[in-house]
Amino acid sequence: MNVERSAWRVPRLRAVGVAHPPLLLAPMAGYTNAPTRRIAHRFGAAWSYTEMAHATGLIHASDRTWQLLETFADEGPVVAHLYGTDPAAFAEAARRIAASGRFMGIDINAGCPAPKITRSGAGATLLRAPAHVGRIVAAIRAVCDLPVTVKTRLGLHPGHLACFDLLQAVQDHGAAALAIHGRYASQGHAGPVDLAQVAALRERASIPIIGNGGIRDVAAARRFLDATGVGALMLGQGAIGNPWIFQELAAGLTESPAEAPCPQRSLDERRAAIHEHLAAEVEFQERLARKYPHARDKLTPEYAAVIGFRVHFFNYLRGLRGVAQARGQLNALQTLGQVYALVDTCLAREAEFRARRRQVTKVETG
Ligand SMILES: Cc1cc2nc3c(=O)[nH]c(=O)nc-3n(C[C@H](O)[C@H](O)[C@H](O)COP(=O)(O)O)c2cc1C
């Protein structure tokens, strides 16, 4: 895939006719595999990120790690998202990734707060060592000509603000963009996003800044853009089980608030999206089984797809009544037929609630 380098010059995208800033799907371990990315792309994600893959794992030819970088041909532009500490390992992994011809860039994880990542000095621990992140950027750039980006946080905790030093280090070494999650590592993935700090970072930057954190609807996206002026928005949890958010934000950011589409999804739309996503999971698992026969547990592709889809299931049904009753059943499902039957039961229960409410309203007003 040959993705235009100019995609990174984010402000120029607007000049060539895209009326809103690019909307991106964030890297999310356990979620953003090829099926999730393909559906996000179909609904308007400008590009997306793989799950995080260990740079050193990639150079030791670990099939389990390479599986994390499997892509679909029709999933749109995708960036390989790597974690680790060793500049040489990042460089060699990047060289192999570039040789695959499948990626529009290499992204360095400098923000993940999970102990199993930070313990080794990777992820958020890199916030303590901005100069070292600069060296990683430089090492990758020395061996491959894909754009190199970094995704980070404001700092480790509110008393530790590191993103300004990190920006300076990575832009000095030729990073193409910086994605900033406007929270501290100590906050995990929830809590307030400090838009003032993101705005200050954007003002200081000579490379595009991608804004991330807490964007779940048009109002939040507008607030983020107005407060910070970032060149692109990256969506995380708001896009899980909700690929429509890309369409909604694209429309909502170009139209006046009164014209923006209603975010309510019909039950049929939810059913169709679940079927599309699960079918893609099966296609993906079949491909992994063919390509990495020795790196896989002995599960059928269908069963592996059903297990992989578990994390998405309740997100697609978010906000519907009576869904909680299905919670105990999810882990027992093994076939597509069983998943579809449980989805139908949940949707039928919601339809019944709605019909009953309409009847009550009619009686009350009649
Ligand atoms: C389940 C989950 C997995 C995540 N995995 C990663 C990851 O591998 N790399 C990373 O940089 N950020 C990861 N993140 C953080 C997201 O990319 C994003 O920065 C964060 O969720 C804030 O955005 P949001 O408020 O829109 O969700 C993860 C978040 C979640 C919820």
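For the rest of this paragraph, the subject is the overall build of the protein. A tally of regular secondary structure across the protein gives 14 helices and 11 strands. Compactness check: the protein gives a C-alpha radius of gyration of 21 Å against a globular reference of 21 Å for 366 residues, within 12% of the reference. The principal-axis extent of the C-alpha atoms belonging to the protein is close to 70 × 50 × 40 Å. Put simply, the protein has 366 residues, and 53% of those count as buried. By sequence separation, contacts in the protein at least 24 residues apart represent 71% of the contacts at least 6 residues apart. Total accessible area on the protein stands at roughly 16,000 Å², and carbon and sulfur atoms take up 53% of it.

Another aspect to go through is the environment of Cys 144. Residue position: Cys 144 is located in the loop between α7 (130-143) and β6 (148-153). Classification of Cys 144 as buried rests on a relative accessible area of 7%. Sequence spacing of Cys 144 and Glu 92 is 52 residues, and the spatial spacing of their C-alpha atoms is 9.2 Å. Ignoring anything within four residues of it in the chain, the contact list for Cys 144 reads Ala 94, Arg 95, Ala 98 and Ile 106.

Bringing the nonpolar core into the picture now. Counting 72 residues, the largest nonpolar core has Ile 97, Ile 140, Val 150, Leu 178, Leu 233, Phe 246 and Leu 249 as the members making the most contacts within it. When residues are assigned to domains, this core turns out to be shared by domain 1 (5-259) and domain 2 (267-365), each giving three or more. Not counting the four nearest positions on each side in its chain, Leu 249 is found in contact with Leu 23, Ile 215, Asp 217, Val 218, Ala 221 and Leu 235. Listed in part, the 27 residues of the second largest apolar core include Leu 278, Phe 314, Tyr 316 and Val 339.

Interaxial distance between helix α12 (residues 267-291) and helix α13 (residues 301-316) falls to 8 Å at its minimum, and their mutual angle equals 145°. Relative to α13, the crossing made by α12 is right-handed. Here α12 contributes Arg 270, Ala 273, Ile 274, His 277, Leu 278, Glu 281, Val 282, Gln 285, Glu 286 and Ala 289 to the contact with α13, which in turn contributes Pro 301, Ala 304, Ala 305, Val 306, Gly 308, Phe 309, His 312 and Tyr 316. When the residues that make up the contact of α12 with α13 are grouped by side-chain class, the tally is 11 nonpolar, four polar and three charged.

Since the α-helix turns once every 3.6 residues, residues separated by three or four places project in the same direction. Look at helix α14 (residues 336-365): 43 Å from first C-alpha to last across 30 residues, which is about the 44 Å you get at 1.5 Å a residue. Taken together, the buried positions of α14 are Leu 336, Val 339, Tyr 340, Leu 342, Val 343, Cys 346, Leu 347 and Glu 350. Those residues of α14 that are buried lie in contact with α12 and α13.

Our next topic: the site of the ligand. Near the ligand there are 17 residues, and of these Pro 27, His 81, Asn 212, Gly 214 and Gln 237 occur at the shortest range. One nitrogen or oxygen atom from the side chain of Gln 237 is found 2.6 Å from an oxygen atom belonging to the ligand. In isolation the ligand offers 610 Å² of accessible surface; the protein chains occlude 91% of this area. Considered class by class, the residues forming the shell around the ligand number six nonpolar, nine polar and two charged.

Looking now at the side chain of Arg 37. Take Arg 37: it is sitting in helix α2 (residues 34-42). When its relative accessible area of 1% is taken as the criterion, Arg 37 is described as buried. Of note is the side chain of Arg 37, whose polar atom sits 2.8 Å from the backbone oxygen of Thr 32. Of note is the side chain of Arg 37, whose polar atom sits 2.9 Å from the backbone oxygen of Glu 70. Sequence-distant contacts of Arg 37, defined by excluding residues within four places in its chain, comprise Leu 25, Thr 32, Ser 48, Tyr 49, Thr 50, Glu 51, Glu 70, Thr 71, Glu 75 and Val 78.

Assigned domains within the protein: domain 1 (5-259) and domain 2 (267-365). Each of domain 1 and domain 2 has a C-alpha centre, and these two points are 29 Å apart. Contact residues are listed per partner, giving 22 residues for domain 1 and 21 residues for domain 2. Both sides together, the interface formed by domain 1 and domain 2 hides about 2,000 Å², and carbon and sulfur atoms give 53% of it.

Let us now look at the confidence of the model for the protein. Low-confidence regions, as indicated by low pLDDT, have predicted coordinates that should not be scrutinised in detail. When the pLDDT values of the protein are averaged, the result is 92; 92% of them are 70 or greater. Scored below 50 in pLDDT, residues 11-16 makes eight contacts in the model with residues more than four places away or belonging to other chains.

Our focus in this paragraph is the packing of aromatic side chains. Taken as a whole, this structure holds five aromatic pairs when the rule is applied. With 5.9 Å between their ring centres and 65° between their planes, Phe 43 and Trp 244 make a pair best called edge-to-face. Separated by 201 residues along the polypeptide, Phe 43 in the loop between α2 and β2 (47-49) and Trp 244 in helix α11 (residues 244-254) bring together distant segments of the chain. Judged by relative accessible area, Trp 244 falls into the buried class, the value being 4%. Positioned above the aromatic ring of Phe 314, the side-chain terminus of Arg 327 is 4.1 Å from the ring centre.

Calculation criteria
- Residues numbered from 1 in each chain as written.
- Predicted model: local features only at pLDDT ≥ 70, side-chain atom pairs only at ≥ 80, totals over all residues.
- Heavy atoms only, no water.
- Helix = DSSP H or I, 4+ residues; strand = E, 2+ residues; numbered from the N terminus.
- Rg over C-alpha atoms; globule rule 2.2 N^0.38 Å.
- Buried < 20%, exposed > 50% of the residue type's maximum accessible area, 1.4 Å probe, protein only.
- Contact = heavy atoms within 4.5 Å.
- Areas by Shrake-Rupley, 256 points an atom, 1.4 Å probe, with all protein chains shown as cover.
- Core = buried A, V, L, I, M, F, W, Y, C linked by side-chain atoms within 4.5 Å.
- Domains from an automatic or database assignment.
- Axes fitted to C-alpha atoms, helices over the stretch in contact; angles between N-to-C directions.
- Left-handed = near helix turned anticlockwise from the far one by under 90°.
- Nonpolar A, V, L, I, M, F, W, Y, C, P; charged D, E, K, R; others polar.
- Expected span 1.5 Å × (residues − 1).
- Near = heavy atom within 4 Å.
- Polar contact = N/O pair within 3.5 Å; in protein donor to acceptor, adjacent residues only side chain to side chain.
- Buried area = accessible area lost by both parts, 1.4 Å probe.
- pLDDT = per-residue confidence, 0-100.
- Phe/Tyr/Trp six-rings, centres within 6.5 Å; stacked < 30°, edge-to-face > 60°.
- Lys NZ or Arg CZ within 6 Å of the ring centre and 35° of its normal.

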